[in-house]
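Inside the fold
Here are the chains, one letter per residue:
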Amino acid sequence: MAGESAVIHIPSTVQPLPADWRWERLDEACEDIFDCPHSTPVLTADGPFVVRSQDMRSGVFRMEEAGHVSEDTYQERIVRAEPRYSDLLYSREGTYFGIAAEVPAGVHVCLGQRMVLLRPKASKCNHRFLRYWLNSPVMASHTHGHRDGTVAERLNLPTIRQLPVAVPPLPEQRTIAHILGTLDDKIELNRRMNETLEAMARTLFKSWFVDFAPVRAKAEGRDPSLPKSLADLFPDSLEDSELGEIPKGWRAAPFREAALLHRDTVNPLDTPNAEFFHFSIPAYDEDGTPKREFGATIKSLKFRVPDDGILFSKLNPAIERVWLVDFPPKARAVCSTEFLVFRARPPFTRSFVYCLARSTNFRRAIQSSVTGTSNSHQRTQPDSVLNILSPLPSRHLIDAFEKIVAPLLCNIQIRNRESHTLAALRDTLLPKLISGELRLKATNNQLQSA
């Protein structure tokens, strides 16, 4: 418990701290550390949030991915402590253990299994600084050396209480947190803007090619709320097809008519000194960027990835995922065989094929075609994807959709690249700042240069 006299196990990779910094145990830097209820809550469609380790794998609590519980369940799970702003959520077990995230302001959240709540002492420790410290490479290495468990890796509570914390003076903590937080805030803003752009593209696709809203409006004598040049591209009636009613003149056709499946393989070991952009799950799913690796480090046969490619995951738990690839022109790119690699087949465009693949009906069709008994071994077969039927419109309508949506998707990729640059800067500064190796004057100069 806090206040106990105990040896602090200083991470072996840390240089000596500045003279005005000190070492403390985590339970000395915190008012208290609260364990979670050791039970699995029943999820509901809405209500207070329940946080699980997978909801904060990036060091930020992703409310859009989190589950909900009833008000009664919430009250049961906050008996020990109700999470509040300036508390930290900390994952103690599972794939994403040893990660801290802040409790957002004004949000009701309770702990799921495998979680711990940290309540820093405001007089000693800035909560955002503490989050950066716990998520630093120094602590990642340290916590992995203290994990236990043969099936699920975990940190036991006594180990968590004894974790070492490098504690600068409070003003310096706040400044370090502000510098790193400014970068993270911009990254988060980019993420939210990208979500909005993605939603705009998918909403337009759904209106035109799933709900057939302009066609239905014209059939009912209503204004389709489109410029005349666009409205004229839609028919004014529906007709029967294998898929049910679709716009007159459109075709119920398999996905293979809109997309080409790339099966080209390469063994990167054949060119050990060549650099590749390597797309893999779960790494690509987590941060949206491929790893840069030399052929000598990529150990197995891979698919080639074209620069206008679209990646599908064919394995659970990511069968629902689809990605637009993004890497520098003329660079070599490969992906693991956990992906299916597609390109648009003219006259269809990448924007159209991507939005079709992200549409609810298409994802349901993929889920209905998976094979395998256990969730971890379920997969979808390439031919099953290629044979999924969809209503395919005229070339002129595809071109009109491309003119509207391609700039939205392009802006998403531009913001992603900016976020990757900011994240690289943050990751460079973080270990130097929180170890005292880089003091604030030098950091401000580096930020101004950037």
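Residues numbered from 1 in each chain as written. Predicted model: local features only at pLDDT ≥ 70, side-chain atom pairs only at ≥ 80, totals over all residues. Heavy atoms only, no water.

1. Brief notes about the pattern of salt bridges
Side chains that differ in charge, positive against negative, can pair when their charged atoms come close. Going through the model one piece at a time under the given rule, you end up with 29 salt bridges. The shortest N-O distance in the salt bridge between Arg191 and Glu195 comes to 2.8 Å. With Arg191 and Glu195 both in helix H6 (residues 170-210), this residue pair falls four residues apart, about one helical turn. Look at Glu195 and you get partly exposed, because its relative accessible area is 40%. The salt bridge partner of Glu437 is Lys432, with a shortest N-O separation of 3.5 Å. Of the residues examined, Glu437 reaches a relative accessible area of 54% and is grouped as exposed. Put simply, Glu102, Arg128, Arg131, Asp184, Asp185, Arg426 and Asp427 are held in one network by salt bridges that share partners. (Salt bridge = Lys/Arg side-chain N within 4 Å of Asp/Glu carboxyl O. Helix = DSSP H or I, 4+ residues; strand = E, 2+ residues; numbered from the N terminus. Buried < 20%, exposed > 50% of the residue type's maximum accessible area, 1.4 Å probe, protein only.)

2. Some thoughts on empty space enclosed by the protein
The tally for this structure, following the rule as stated, stands at one cavity of 30 Å³ or more. There is about 30 Å³ of room inside the largest cavity. Lining the largest cavity we find Phe34, Asp35, Cys36, Pro37, Arg77, Arg80, Ala81 and Leu111. Within the lining of the largest cavity, the residues separate by chemical class into five nonpolar, no polar and three charged. (1 Å grid on protein atoms, 1.4 Å probe; cavity = no way out; pocket = protein on both sides within 12 Å on 5 of 7 lines; lining within 4 Å. Points joined across faces, edges and corners; volume = space filled by probe spheres on them. Nonpolar A, V, L, I, M, F, W, Y, C, P; charged D, E, K, R; others polar.)

3. Quick look at the packing of helix H10 (residues 350-358) against helix H11 (residues 360-368)
At a minimum axis separation of 5 Å, H10 and H11 run at an interaxial angle of 60 degrees. By the angle between their axes, H10 is oblique relative to H11. Along its contact with H10, which presents Leu356, Ala357 and Arg358, the element H11 presents Thr360, Phe362 and Arg363. (Axes fitted to C-alpha atoms, helices over the stretch in contact; angles between N-to-C directions. Parallel < 35°, antiparallel > 145°, perpendicular 65-115°, else oblique. Contact = heavy atoms within 4.5 Å.)

4. So, helix H4 (residues 137-144)
Of the positions making up H4, those classed as buried are Val138, Met139, His142 and Thr143. One side of H4 holds all its buried residues, which, seen down the axis, span an arc of 115 degrees. Each element contacted by the buried residues of H4 is listed here: strand E5 (88-91), helix H3 (127-134) and strand E9 (164-167). (Arc of directions from axis to C-beta.)

Coordinates in, geometry out; function isn't part of it.
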